[in-house]
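Geometric and topological summary
Each chain is listed here by its residues.
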Amino acid sequence: MPRTTIYCVQTFEHKGSKLVQAGLRQVKKKEEAERIGAYSAGKFVGVLVYSVDADPEFNDWGDPVMIASYGQVPDEAV
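So, about the pairing of strand S3 (residues 46–55). Residues in a regular strand project their side chains so that they alternate between the two faces of the sheet. Along S3, nine of the ten residues are buried, which leaves the element largely enclosed by surrounding structure. Of the pairings in the sheet, the one linking strand S1 (residues 4–15) to S3 comprises nine bridges and is antiparallel in character. If you follow Thr-11 over to S3, its bridge partner there is Val-47. Bridge count between S3 and strand S4 (residues 60–61): two bridges; the pairing is antiparallel. Of the residues in S4, the one forming a bridge with Ala-54 is Trp-61. Linking two consecutive strands that pair antiparallel, namely S3 and S4, is a turn of four residues; a positive phi of about 55° is found at Asn-59 within it.

And the structure:
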């Protein structure tokens, strides 16, 4: 499988006093990720929307490229 760009929407919630990942959704289009991220911002404490170039078949993942951030997200994620 050739390298492809995967768009991700990662959500966060509070668990006690900690900020933890609530979910991760992968989609094929940037516009879809942006739409889902904006919608999710009203339902979660924090949301990250980013892209990554990858070849999932070989577990080869590039560095994430931030598209949008909403609310509270881990410092290391931004």
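As for its placement among the helices and strands, Lys-15 is situated in strand S1. The class of Lys-15 is exposed, set by a relative accessible area of 62%. Once the C-alpha coordinates of Lys-15 and Asp-63 are considered, the two residues, 48 residues apart in sequence, prove to be 27 Å apart.

Conventions used here
- Residues numbered from 1 in each chain as written.
- Predicted model: local features only at pLDDT ≥ 70, side-chain atom pairs only at ≥ 80, totals over all residues.
- Heavy atoms only, no water.
- Buried < 20%, exposed > 50% of the residue type's maximum accessible area, 1.4 Å probe, protein only.
- Helix = DSSP H or I, 4+ residues; strand = E, 2+ residues; numbered from the N terminus.
- Pairing = 2+ DSSP bridges.

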